[in-house]
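Examination of the molecular architecture
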Amino acid sequence: MAGKKTHLDVITPRGVALNIDCDLVVVTSTNGEMGFMANHAPTLAALVPQVVRYTVDGEQKVIFASGGFVEVNHNTVSILAPAAETASEIDFKRAEAAKARALERLKKSEEIDVMRAEAALARANARLKMSEYHHPIGL
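None of the values given here were measured: they were computed from a predicted structure. (Residues numbered from 1 in each chain as written. Predicted model: local features only at pLDDT ≥ 70, side-chain atom pairs only at ≥ 80, totals over all residues. Heavy atoms only, no water.)

To continue, consider the nonpolar core. It is characteristic of soluble globular proteins that their nonpolar side chains tend to be buried jointly. Grouped together as the largest cluster of nonpolar side chains are 20 residues, with contacts concentrated most on Leu8, Val25, Val27, Tyr54, Val70, Val77 and Ile79. Mapped by element, the contributors of at least two residues to this core are strand 1 (6–12), strand 2 (15–22), strand 3 (24–29), strand 5 (43–56), strand 6 (59–73) and strand 7 (76–80). For this core, the leading source of residues is strand 5, giving 5 residues. Tyrosine 54 has contacts with Leu8, Leu18, Ile20, Cys22, Leu24, Val25, Glu59, Gln60, Lys61, Val62 and Ile63, leaving out every residue within four places of it along the chain. (Core = buried A, V, L, I, M, F, W, Y, C linked by side-chain atoms within 4.5 Å. Buried < 20%, exposed > 50% of the residue type's maximum accessible area, 1.4 Å probe, protein only. Helix = DSSP H or I, 4+ residues; strand = E, 2+ residues; numbered from the N terminus. Contact = heavy atoms within 4.5 Å.)

This is the structure in structure tokens:
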């Protein structure tokens, strides 16, 4: 599909985290993985915490999104997320600690809000997945 792009916006309460034209966007909705290219049908879906993959001129790139929603319309993929971070913005040691805390809380499930702990675990796991795409010194 030479030449035809779709526009990707990743928007958080802090502002625009990403604004780029790309060939392909792949997200994970609550119903599974979804891919979007130019001329995709209008779509609206809830997202899970994840690594959003997008391709620009044959090169795969990634950004973490902490959940939210994706809307596709008129060759624009808009991701509205509570938070979004590039790999260089993620503190992987902090994500490991958050994962450990969430797992510890889940062991004591009768004393805690299980849904909140599971959500924290999902965010930590998605942030840690970013390490597959970015290898800072010391990880």
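From this point, the discussion proceeds with the structure in view.
Inspection of the secondary structure puts glutamate 96 in helix 1 (residues 92–107). Separated by 49 residues in sequence, glutamate 96 and leucine 47 place their C-alpha atoms 22 Å apart.

Quick look at the layout of surface pockets now. Space inside the largest pocket adds up to approximately 310 Å³. Along its surface, the largest pocket is lined by 14 residues, and Arg94, Ala95, Ala98, Arg101 and Arg127 are the ones closest to its centre. Taken together, the elements giving at least two residues each to the lining of the largest pocket come down to helix 1 and helix 2 (114–129). In terms of residue count, helix 1 provides more of the lining of the largest pocket than any other element does, 6 residues in total. (1 Å grid on protein atoms, 1.4 Å probe; cavity = no way out; pocket = protein on both sides within 12 Å on 5 of 7 lines; lining within 4 Å. Points joined across faces, edges and corners; volume = space filled by probe spheres on them.)

Here helix 2 is 16 residues long and its end C-alpha atoms lie 22 Å apart, about the 22 Å a rise of 1.5 Å per residue gives. Taken together, the buried positions of helix 2 are Ala117, Ala120, Leu121, Ala124, Ala126, Arg127 and Leu128. Residues of helix 2 that are buried make contact with strand 5, strand 6, strand 8 (84–85) and helix 1. (Expected span 1.5 Å × (residues − 1).)

Tallying each qualifying case throughout the model produces 5 salt bridges. Lysine 5 is the salt-bridge partner of aspartate 23, the closest N and O atoms lying 2.9 Å from each other. Taken together, the residues aspartate 23 in the loop between strand 2 and strand 3 and lysine 5 in the segment before strand 1 connect sequence positions 18 residues apart. Residue class for lysine 5 comes out partly exposed when judged on its relative accessible area of 26%. Between glutamate 33 and arginine 53 there is a salt bridge, and its shortest N-O distance comes to 3.2 Å. Placement of glutamate 33 in strand 4 (residues 32–36) and of arginine 53 in strand 5 is noted, with a sequence separation of 20 residues between them. When its relative accessible area of 22% is taken as the criterion, arginine 53 is described as partly exposed. One salt-bridge network, held together by shared partners, links Lys5, Asp23 and Asp57. (Salt bridge = Lys/Arg side-chain N within 4 Å of Asp/Glu carboxyl O.)

Quick look at the domain arrangement of the protein chain now. Here the protein chain is partitioned into domain 1 (6–85) and domain 2 (92–133). If you average the C-alpha positions of domain 1 and of domain 2, the two centres end up 23 Å apart. In this complex, domain 1 contributes 10 residues to the contact, which on the side of domain 2 involves 7 residues. Of the roughly 730 Å² buried between domain 1 and domain 2 on both sides combined, carbon and sulfur atoms contribute 77%. Joining domain 1 to domain 2, the criterion identifies 1 salt bridge. (Domains from an automatic or database assignment. Buried area = accessible area lost by both parts, 1.4 Å probe.)

A few words on a positive patch on the surface. A contiguous patch of positive charge, built from Arg94, Arg101, Arg105, Arg116 and Arg123, is present on the exposed surface. Those elements giving two or more residues to the positive patch turn out to be helix 1 and helix 2. At 3 residues, helix 1 tops the list of elements feeding residues into the positive patch. Here arginine 101 is to be found in helix 1. (Patch = residues over 30% accessible without salt bridge, like charges linked within 9 Å, V, L, I, M, F, W, Y side chains within 5 Å. Areas by Shrake-Rupley, 256 points an atom, 1.4 Å probe, with all protein chains shown as cover. Lys, Arg positive; Asp, Glu negative; His and termini not counted. Charge placed at Lys NZ, Arg CZ, Asp CG, Glu CD.)

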